[in-house]
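Letter by letter, the chains look like this.
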Amino acid sequence: MSVPHGLTAQVFQRALDALLSTDGPTLHAALAGPDLPAPDIDADLLLVPEHPQTGESWAPAGGTSAYLVPLPLGVWLWLAFPEPHLPADPPPQALPLELLRDDPPPPLPGHLFRIDGRVFRHTLLRLPVACDPWLRNVLENLPTHVRTGLF
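A brief structural summary.

**Focus: the overall build of the protein chain**
Scanning the protein chain for helices and strands turns up five helices and three strands. When the elements of the protein chain are put in sequence order from the N terminus, they spell out α-β-β-β-α-α-α-α. When burial is assessed residue by residue, the protein chain has 24% of its 151 residues classed as buried. Counted over contacts in the protein chain with a minimum sequence separation of 6, partners at least 24 positions apart contribute 44%. A total of about 11300 Å² of accessible surface is found on the protein chain, and carbon and sulfur atoms cover 60% of it.

**Digging into the side chain of Thr8**
Examined against the element boundaries, Thr8 turns out to sit in helix α1 (residues 7-19). If we skip the residues at most four places from it in the chain, Thr8 touches Val3, Gln13, Leu31, Leu47 and Leu79.

**Here we look at the nonpolar core**
Counting 12 residues, the largest nonpolar core consists of Ala15, Leu19, Ile115, Phe120, Leu124, Ala130, Leu135, Val138, Leu139, Leu142, Leu150 and Phe151. Only α1, α3 (117-126) and α4 (133-140) provide two or more residues apiece to this core. It is α4 that contributes the most residues to this core, three residues altogether. Residue contacts for Ala130: discarding those within four places in its chain leaves Leu124, Leu125, Leu135, Arg136 and Leu139. The next biggest cluster of nonpolar side chains, apart from the first, holds seven residues, and it includes Leu31, Leu71, Trp76 and Leu79.

**Considering α1**
One turn of an α-helix holds 3.6 residues; hence residues three or four places apart share an orientation. In this model α1 runs 19 Å from its N-terminal to its C-terminal C-alpha over 13 residues, within 8% of the 18 Å that 1.5 Å per residue would give. In the structure, α1 departs most strongly from a straight axis at Gln13, where the bend amounts to approximately 35°. Buried residues of α1: Thr8, Ala9, Val11, Gln13, Ala15 and Leu19, and no others. Of the surrounding elements, those touching the buried residues of α1 are β1 (29-31), β2 (45-50), α2 (73-80), α3, α4 and α5 (142-147).

**Digging into α4**
When we look at burial in α4, the residues that qualify are Leu135, Val138 and Leu139. Each buried residue of α4 lies within a common arc of 100° when the element is viewed along its axis, so the set occupies one face. Exposed and oriented more than 90 degrees from the buried face of α4 are Pro133 and Glu140. Buried residues along α4 sit against α1, α3 and α5.

**Here's the deal with the environment of Val48**
Looking at where Val48 falls in the secondary structure, it is placed in strand β2. Considering only alpha carbons, one finds Val48 and Ala32, 16 residues apart in sequence, at a separation of 5.3 Å.

**Details of the environment of His5**
Inspection of the secondary structure assignment puts His5 in the segment before α1. Taking the C-alpha atoms as reference, His5 lies 9.7 Å from Ala30; in sequence the two are 25 residues apart.

Reading guide: rules and limits
Residues numbered from 1 in each chain as written. Predicted model: local features only at pLDDT ≥ 70, side-chain atom pairs only at ≥ 80, totals over all residues. Heavy atoms only, no water. Helix = DSSP H or I, 4+ residues; strand = E, 2+ residues; numbered from the N terminus. Buried < 20%, exposed > 50% of the residue type's maximum accessible area, 1.4 Å probe, protein only. Contact = heavy atoms within 4.5 Å. Areas by Shrake-Rupley, 256 points an atom, 1.4 Å probe, with all protein chains shown as cover. Core = buried A, V, L, I, M, F, W, Y, C linked by side-chain atoms within 4.5 Å. Expected span 1.5 Å × (residues − 1). Bend = angle between axes of the 7 residues up to and from the residue. Arc of directions from axis to C-beta.

Printed below as a string of structure tokens:
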């Protein structure tokens, strides 16, 4: 499985590489949603926002054959429109908008993204495909992945 580069890859790629086997064709995921360009037509999965009140997944106009993977709106916004980490306080004197501050960006977190093992297992068991062999294999190997620090 491959995901878009950048924040999406930082969050998901390590876990996907560890959990999924490399047998079979590579599936491609893409971010899709309002104010984003149309996703590639070869995307197998679309990471889309979920409406915070109704829980409905966003769907592209005209439909799609790709599998929609809903993400909480805040997570989707963070992945789709990453904001630069600017200082919270304004500079002591007003700078023209054309100038960028030369403050260094804040440091990245001291650890890689980790999945909560209990939430992950609970979510997988609720899926209709939980009995499929590939997903059963993921569930059976969870203790191994916990020991490797993925969770």
